[in-house]
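Here's the letter readout for the chains.
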Amino acid sequence: MLAALTCRKLRQVLRELSMSTRFSTLTAAGALLLSAALLAGCGGGGGGSSESHDTAQGANTGAGEATGGEGQNRDERAQVVGGVQSPQYELYNVSPTADGLGIVVSPPLMKANGAAVARLEELPEGIANSAWMRKGEGRLPLRVILKNGQYQLSQPWTWTAAHSGRADSPVIIEAESKGGVVISGARRMVVSRAVHGGVSPVQLDLSASGLSAFDQLWVNGRRATRARSPNVGSFYFVKGTVSSWPGDAAVATSPVDRQAFVSEPAALNLLSGLSTAERDAAVLVAAHSWTTSHHRVVATNAGNEILVSPVSRWAFLRKGAHQRYFIENVPTALDAPGEWYFHPVTRRLTYLPTLAERSEDVVLDVPAISTLLEVRGNAATGQWAEYIVFSGLTFRHAGYTLPAAGLIDQQAAVDVGASILLRSARHVAINHCEVSRVGGYAIWLRDNVRHSVVQNCEVYDTGAGGIRIGLANQPASETATGHNTVRSNRIHAIGFQFPGAVGVWLGQTANNTVEENLIGDTTYTGISVGWTWGYGPSPSHSNQINRNFLYDIMQGSLSDGGAIYTLGTSPGTEIKGNVIRGVQAFNNYGVGGWGIYNDEGSSRILVDGNIVLNSDHGGYMLHYGQDNTVSNNVFAGGRVAELQVGRVESGLQARLLNNRLFPSVSSFLSFTAGTGTPALTFGGNKVARQYVALQTLPELCGSGCQIVDGLLISAASKLDVPIITESGSPITFSQPLASSWSSVGVTPVDSPSLIWGRSKGHIFDAAESTLGSRPVGFRVVPADRPEVIAVAQNSVGERCLAFNDSAGMSNRWEPFGYLEADYQTGTTTATFTLKVDAATEFIHEWRDPGVSPFLTGPSVVFSGSRGVVVRGQVVAPLPVGEWITITISSTQGAAPRWSMVVRYANNTTFSLNNQLPVSEAWTRTRAFYFISNAATTSTPCVGKWAISNES
């Protein structure tokens with residue numbers, strides 16, 4: 001038990017922290033964290049720092065204010081604020097040197113060899129060697145304040161048991177002001193405007209830098225794109241399977257259809273002419289249903305076939321006919337502004353600046369290490385890294401380098417590491433920190449991590465996911481990872497390199513709490529819980545997933561995922577009070593995006609009081625499992641069915657009780673596999689009448705489901721919780737919803753959906769483009785003739801996307817290009833500028849090529865000899881040699897409404913409403929076509945376009 005004097009001293013420290021005027025928001029939360037997570041014995045009758053706290057009662061006390069100890073924590077805060085105002089801690093101030101490579105510590109700290117601590121990496125050694133570390137009972141907490149500035153690491157910042165605090169005297173590493181301290185693992189290089197002179201490309205010789213190969217680069221704070229083809233926004237597609245690869249004995253050891261496939265000719269053209277080193281460094285990234293694989297290219301042949309390594313986990317084209325891939329890290333793909341390439345032999349870095357960057361300094365951050373912070377003990381010997389708090393720090397620029405053999409991801413990028421790593425650690429807090437611009441996951445509470453907290457942090461711009469807890473394979477034990485808390489964090493824009501990664505991932509771990517986090521802009525699942533498929537033994541149980549807000553999940557990037565996803569038997573696990581807005585899968589290869597997804601074997605889980613809106617396939621999915629309870633939820637706007645069961649089994653699979661359903665399709669319940677009907681029980685469920693018209697309830701539901709009047713759901717903006725009313729009265733949820741979601745902002749950053757998902761929009765401006773280039777995501781036919789459509793400069797110095805048509809084209813409708821999308825709802829608008837010559841016959845057409853024959857949306861012909869032509873009739877003049885601006889808008893779905901406006905150079909306009917031709921069954925836009933249809937020499941030019949959809 002801690003002495004009363006020690007507790008009083010620690011309360012004084014916490015009071016001083018909470019009243020700090022320099023850092024009030026941070027330190028108030030830090031005080032609460034320390035009082036709850038580190039001081040279970042001060043005021044509550046318990047005490048000490050022994051592992052005996054790893055009981056259920058100890059977990060509640062240590063988890064924070066949302067547990068059974070809430071009243072005590074509030075009393076503790078009152079005592080802190082009202083206590084003695086003199087500071088009670090030992091203090092060190094750390095300042096960075098001007099170049100960020102060194103530090104100055106005041107008062108000085110010395111290393112074991114007698115030299116002064118001079119680098120941030122040496123700070124833990126200085127603390128371990130200090131007189132403070134040797135003090136016994138009554139030792140004060142140690143507070144280390146990092147002064148604002150940039151700190152550059154050359155190796156991981158490592159804290160071990162030798163550098164740890166105690167329950168009565170934790171080590172607190174704190175930023176002078178939140179956001180003011182940046183700890184970076186990058187080598188920064190600046191190419192001034194005076195040096196590069198606005199000329200593209202920018203080149204740097206790194207042969208003497210000591211930098212090895214790297215997979216990420218940040219330029220002026222933005223993640224740059226490693227040279228790839230097709231460019232961002234577009235993909236190659238696997239054209240066929242391969243059954244044999246003659247003459248290669250190695251291929252015979254595994255199924256050939258997992259090692260080779262038929263390619264598009266353009267992909268092979270990209271690889272031809274490369275040196276051996278260039279080809280060895282190339283990466284072929286293939287998208288599977290719920291993940292990706294990263295391969296090396298082994299060989300190609302005359303049949304347009306590509307042989308890759310390592311062997312894919314799944315056969316190519318196993319999940320459908322639209323399997324995507326692209327090739328990156330080859331010099332022949334360096335063709336778009338914002339792309340870069342590092343040559344493996346010459347060690348030369350080449351970067352193509354954007355138009356804006358040509359008039360400013362170019363600041364390049366090259367990651368030199370993969371781990372920024374490591375807290376590491378040894379649980380097996382009882383040497384824990386413990387009682388350490390990191391507050392207000394910003395961690396950036398940790399890299400991830402693909403292994404030479406490539407990487408096959410099973411799911412959730414579980415083989416990718418993290419920039420902050422905890423191992424054999426307990427009572428560690430990461431508080432009010434930022435982790436961004438990293439190549440892997442942001443934070444990983446890995447093996448044997450207990451009673452630790454990540455809260456009030458922002459995580460974004462990650463190559464993989466956000467926060468991981470536990471391992472994919474860790475048996476239950478007294479020291480196994482568990483009893484941790486992830487609270488009130490903002491996790492967004494994740495999955496740039498590994499789109500199958502997850503916002504918050506819990507593996508084989510128990511008694512963790514994930515609550516009140518804002519998670520969005522993901523390429524796959526938001527929160528994943530459990531890592532045992534089927535009904536096998538699982539150490540995952542009693543995890544609490546409460547009051548999180550999840551939005552823009554999956555974004556058309558991958559499939560077979562959900563906002564909240566579970567696996568395996570997990571008694572005591574609860575999913576309560578979460579709000580989910582928008583889950584959209586890529587349903588052309590694999591299928592499925594759900595709000596709450598209980599996947600294989602999910603059993604004994606409570607799903608209660610959640611709100612799920614606008615999910616691809618519905619609010620709730622049970623693949624298969626036993627004894628689940630789904631109660632008091634609101635499911636609305638699912639495009640297939642609000643409730644789904646994937647596999648029918650005997651035994652009670654789920655209880656569906658007191659849910660409110662707002663289906664957007666005729667059936668709100670579906671089950672597709674097995675025979676008979678799923679073993680479900682229903683009671684008190686209500687279905688809003690206006691959303692199902694006169695639908696007849698299925699016999700399966702019986703009296704357990706009732707169509708009712710007066711059940712309404714409000715329309716609210718993306719980060720607002722909708723209001724659900726019944727007979728005019730708001731519904732009160734059994735699980736209170738967090739009140740702070742809508743007021744929490746996130747740092748603006750590019751979305752990974754630009755790389756992996758269906759584009760939310762297309763923007764192009766020829767004036768900002770490199771001569772000879774093509775717009776991002778623009779697919780061109782014929783693909784083997786890059787000169788037929790490219791950015792060119794005309795006689796008056798204007799740049800435009802020139803369509804170089806001639807009588808020698810194979811087909812009259814060549815050349816043409818198209819932009820992919822998938823707009824099913826809302827209003828779509830396309831605006832572009834066009835200049836024609838007398839021979840021009842130029843078609844702009846919206847299509848749905850997902851059916852055969854394809855369906856056509858609005859289609860307009862721009863003829864230099866006739867004018868603007870709709871349905872074969874000339875509707876407006878078309879001046880030759882002058883720019884015009886065309887804007888076409890339409891609703892998507894049934895009974896579309898159209899409009900077109902043509903604006904001329906003299907600012908006059910022509911309008912047309914609801915007269916554009918459209919196929920009778922057309923309801924969605926999957927592609928926008930630009931077609932030169934002349935049978936003679938003609939060069940129509942497109943200056944810019946902007947295409948968007950507002951749902």
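All of these numbers come straight from a predicted model, not from anything done at the bench.

## Quick look at the overall build of the chain
Right, on to step 1. Regarding its fold elements, the chain presents nine helices and 77 strands.
Right, on to step 2. For the chain, restricting intrachain contacts to residue pairs at least 6 apart in sequence, the fraction spanning at least 24 positions comes to 75%.
Right, on to step 3. Here the chain displays about 33900 Å² of accessible surface, and carbon together with sulfur accounts for 51% of that area.

## Remarks on the sheet that holds strand β8 (residues 186-191)
Right, on to step 1. With antiparallel pairing, four strands are arranged side by side in an open sheet as β8-β23-β10-β11. Strand pairing shows two members of the sheet lacking a second neighbour, β8 and β11 (222-223), which therefore form its edges.
Right, on to step 2. With two bridges joining them, strand β10 (residues 218-219) and β11 adopt antiparallel strand pairing. By the bridge assignment, Val219 is partnered in β11 with Arg222.

## Overview of the environment of His343
Right, on to step 1. Within the secondary structure layout, His343 lies in the loop between β21 (339-342) and β22 (348-351).
Right, on to step 2. In the structure, His343 is positioned 62 residues away from Ala281 in sequence and 8.8 Å away in space, judged by C-alpha atoms.
Right, on to step 3. Excluding residues within four positions of it along the chain, His343 makes contact with Glu278 and Arg348.
Right, on to step 4. One polar contact links His343 to Glu278, side chain to side chain, over a distance of 2.8 Å.

## Here we look at the pattern of salt bridges
Right, on to step 1. Here the structure, examined in full by the defined rule, presents 30 salt bridges.
Right, on to step 2. With a closest N to O distance of 3.1 Å, Arg226 and Glu328 form a salt bridge. Note that Arg226 is positioned in strand β12 (residues 225-226) and Glu328 in strand β20 (residues 324-328), a separation of 102 residues in sequence. Taken as a pair, Arg226 and Glu328 share a single burial class, namely buried.
Right, on to step 3. A salt bridge links Glu841 to Arg866; its shortest N-O distance comes to 2.9 Å.

## Some thoughts on the side chain of Asp805
Right, on to step 1. In this fold, Asp805 is placed in the loop between β66 (799-803) and β67 (816-823).
Right, on to step 2. There is no salt bridge for the buried Asp805, and the closest opposite charge comes from Arg812, which lies 7.3 Å off by N-O distance.
Right, on to step 3. Within polar-contact distance, the side chain of Asp805 engages the side chain of Ser932 at 2.7 Å.
Right, on to step 4. Sequence-distant contacts of Asp805, that is, excluding residues within four places in its chain, are made with Arg812, Glu814, Pro815, Ser932, Asn933, Ala934, Thr936, Thr937 and Ser938.

## Details of the packing of aromatic side chains
Right, on to step 1. Following the criterion strictly, the structure yields 31 aromatic pairs and no others.
Right, on to step 2. Both rings, one in Phe261 and one in Tyr325, keep their centres 5.0 Å apart while their planes meet at 65 degrees; by these two values the pair is edge-to-face. Note that Phe261 is positioned in strand β16 (residues 260-262) and Tyr325 in strand β20, a separation of 64 residues in sequence. Taken as a pair, Phe261 and Tyr325 share a single burial class, namely buried.
Right, on to step 3. Summarising the aromatic geometry, the rings of Phe842 and Phe930 are spaced 6.4 Å apart at their centres and angled 40 degrees between planes, so their arrangement reads as tilted. Here Phe842, found in strand β69 (residues 841-848), pairs with Phe930, found in strand β76 (residues 925-932); they are 88 residues apart in sequence, far enough to count as distant. For the pair formed by Phe842 and Phe930, the shared burial category is buried.
Right, on to step 4. Site record: aromatic cluster; members linked through ring pairs are Phe764, Phe778, Phe803, Phe832, Phe842, Phe862, Phe930 and Trp945.
Right, on to step 5. The aromatic ring of Tyr441 is capped on one face by Arg468, whose charged end is 5.0 Å from the ring centroid.
Right, on to step 6. Above the ring of Tyr929, the side-chain terminus of Arg847 is found at 4.0 Å from the ring centroid.

## What about unusual backbone geometry?
Right, on to step 1. A cis amide bond, omega -10 degrees, links Ser106 with the succeeding residue Pro107.
Right, on to step 2. Along the polypeptide, Pro107 turns up in the loop between β2 (103-106) and α5 (123-128).
Right, on to step 3. That bond from Ser229 to Pro230 is cis: its omega, -5 degrees, falls within 30 degrees of zero.
Right, on to step 4. Examined against the element boundaries, Pro230 turns out to sit in the loop between β13 (228-229) and β14 (236-237).
Right, on to step 5. The phi dihedral of His432 falls on the positive side, at around 55 degrees, and the residue is not glycine.

## Some details on the sheet that holds strand β62 (residues 729-730)
Right, on to step 1. The strand order β60-β61-β62 describes an open sheet built from three strands, whose pairing is antiparallel. A strand with exactly one partner marks an edge of an open sheet, and here the two such strands are β60 (711-713) and β62.
Right, on to step 2. Across two bridges, the pairing between strand β61 (residues 724-726) and β62 is antiparallel. Looking across to β62, one finds that Glu726 is bridged to Ser729.

## Some remarks on the nonpolar core
Right, on to step 1. Residues Leu146, Trp157, Trp159, Phe390 and Leu393 are the most contacted members of the largest nonpolar core, which totals 127 residues.
Right, on to step 2. For this core, the element with the highest residue contribution is strand β31 (residues 441-445), accounting for five residues.
Right, on to step 3. Apart from residues lying up to four places away in sequence, Trp159 is in contact with Leu123, Pro124, Ile127, Val171, Ile173, Leu373, Glu374, Val375, Arg376, Ala385, Ile388 and Phe390.
Right, on to step 4. Val780, Val791, Trp846 and Ala876 belong to the second largest nonpolar core, which has 40 residues in total.

## Looking at the confidence of the model for the chain
Right, on to step 1. Per-residue pLDDT for the chain averages 86, and the proportion of residues at 70 or more is 87%.
Right, on to step 2. In this model, residues 1-11 is a region of pLDDT below 50 whose contacts with residues beyond four sequence positions or in other chains number 26 contacts.
Right, on to step 3. This model gives residues 13-86 a pLDDT under 50, and the stretch forms 136 contacts once residues within four places in sequence are excluded.

## Regarding the pairing of strand β51 (residues 628-631)
Regular strands show a simple pattern: their side chains alternate between the two faces of the sheet.
Right, on to step 1. Judged by which residues are buried, β51 turns out to be covered on both faces: Asn628 and Val630 on one side and Thr629 and Ser631 on the other are all buried.
Right, on to step 2. Here β51 runs beside strand β54 (residues 654-657); their pairing, made up of four bridges, is parallel. The residue of β54 that forms the bridge with Ser631 is Leu657.

## Remarks on the state of the cysteines
Right, on to step 1. Counted according to the given criterion, the structure contains one disulfide.
Right, on to step 2. Note that Cys800 is cross-linked by a disulfide to Cys941, the S-S spacing being 2.1 Å. Here Cys941 lies in strand β77 (residues 941-950) and Cys800 lies in strand β66, a separation of 141 residues in the sequence.
Right, on to step 3. Taking relative accessible area as the criterion, Cys800 reaches 1% and is therefore assigned buried.
Right, on to step 4. Under the relative-accessibility criterion, Cys941 is labelled buried at 10%.

## Section: the environment of Arg581
Right, on to step 1. Structurally, Arg581 is set in strand β46 (residues 579-583).
Right, on to step 2. Residues Arg581 and Ser615, spaced 34 residues apart in sequence, show a C-alpha to C-alpha distance of 7.5 Å.
Right, on to step 3. The contacts of Arg581, once residues within four sequence positions are left out, are Phe549, Leu550, Tyr551, Asp552, Leu613, Ala716, Ser717, Lys718, Asp720 and Pro722.
Right, on to step 4. At 2.8 Å, the side chain of Arg581 forms a polar contact with the backbone oxygen of Asp720.

## Remarks on the environment of Thr525
Right, on to step 1. On the secondary structure map, Thr525 appears in the loop between β40 (518-520) and β41 (527-529).
Right, on to step 2. Taking the C-alpha atoms as reference points, Thr525 and Gly593, separated by 68 residues in sequence, lie 8.9 Å from one another.
Right, on to step 3. Once you skip the residues sitting within four places of it in the chain, Thr525 turns out to touch Ala501, Val502, Gly503, Ile553, Met554, Gly561, Gly562, Ala563 and Tyr565.
Right, on to step 4. Reaching out from Thr525, the side chain makes a polar contact with the backbone oxygen of Gly562 at a distance of 3.2 Å.

## Points about the pairing of strand β25 (residues 385-391)
Right, on to step 1. Most of β25 sits inside the fold, with seven of its seven residues counted as buried.
Right, on to step 2. Bridge analysis of strand β6 (residues 171-175) against β25 gives four bridges, and the strand direction is parallel. Counterpart to Glu174 in the pairing with β25 is Ser391.
Right, on to step 3. Bridge count between β25 and strand β29 (residues 425-431): six bridges; the pairing is parallel.

Calculation rules
- Residues numbered from 1 in each chain as written.
- Predicted model: local features only at pLDDT ≥ 70, side-chain atom pairs only at ≥ 80, totals over all residues.
- Heavy atoms only, no water.
- Helix = DSSP H or I, 4+ residues; strand = E, 2+ residues; numbered from the N terminus.
- Contact = heavy atoms within 4.5 Å.
- Areas by Shrake-Rupley, 256 points an atom, 1.4 Å probe, with all protein chains shown as cover.
- Pairing = 2+ DSSP bridges.
- Polar contact = N/O pair within 3.5 Å; in protein donor to acceptor, adjacent residues only side chain to side chain.
- Salt bridge = Lys/Arg side-chain N within 4 Å of Asp/Glu carboxyl O.
- Buried < 20%, exposed > 50% of the residue type's maximum accessible area, 1.4 Å probe, protein only.
- Lys, Arg positive; Asp, Glu negative; His and termini not counted.
- Phe/Tyr/Trp six-rings, centres within 6.5 Å; stacked < 30°, edge-to-face > 60°.
- Lys NZ or Arg CZ within 6 Å of the ring centre and 35° of its normal.
- Core = buried A, V, L, I, M, F, W, Y, C linked by side-chain atoms within 4.5 Å.
- pLDDT = per-residue confidence, 0-100.
- Disulfide = S-S within 2.5 Å.

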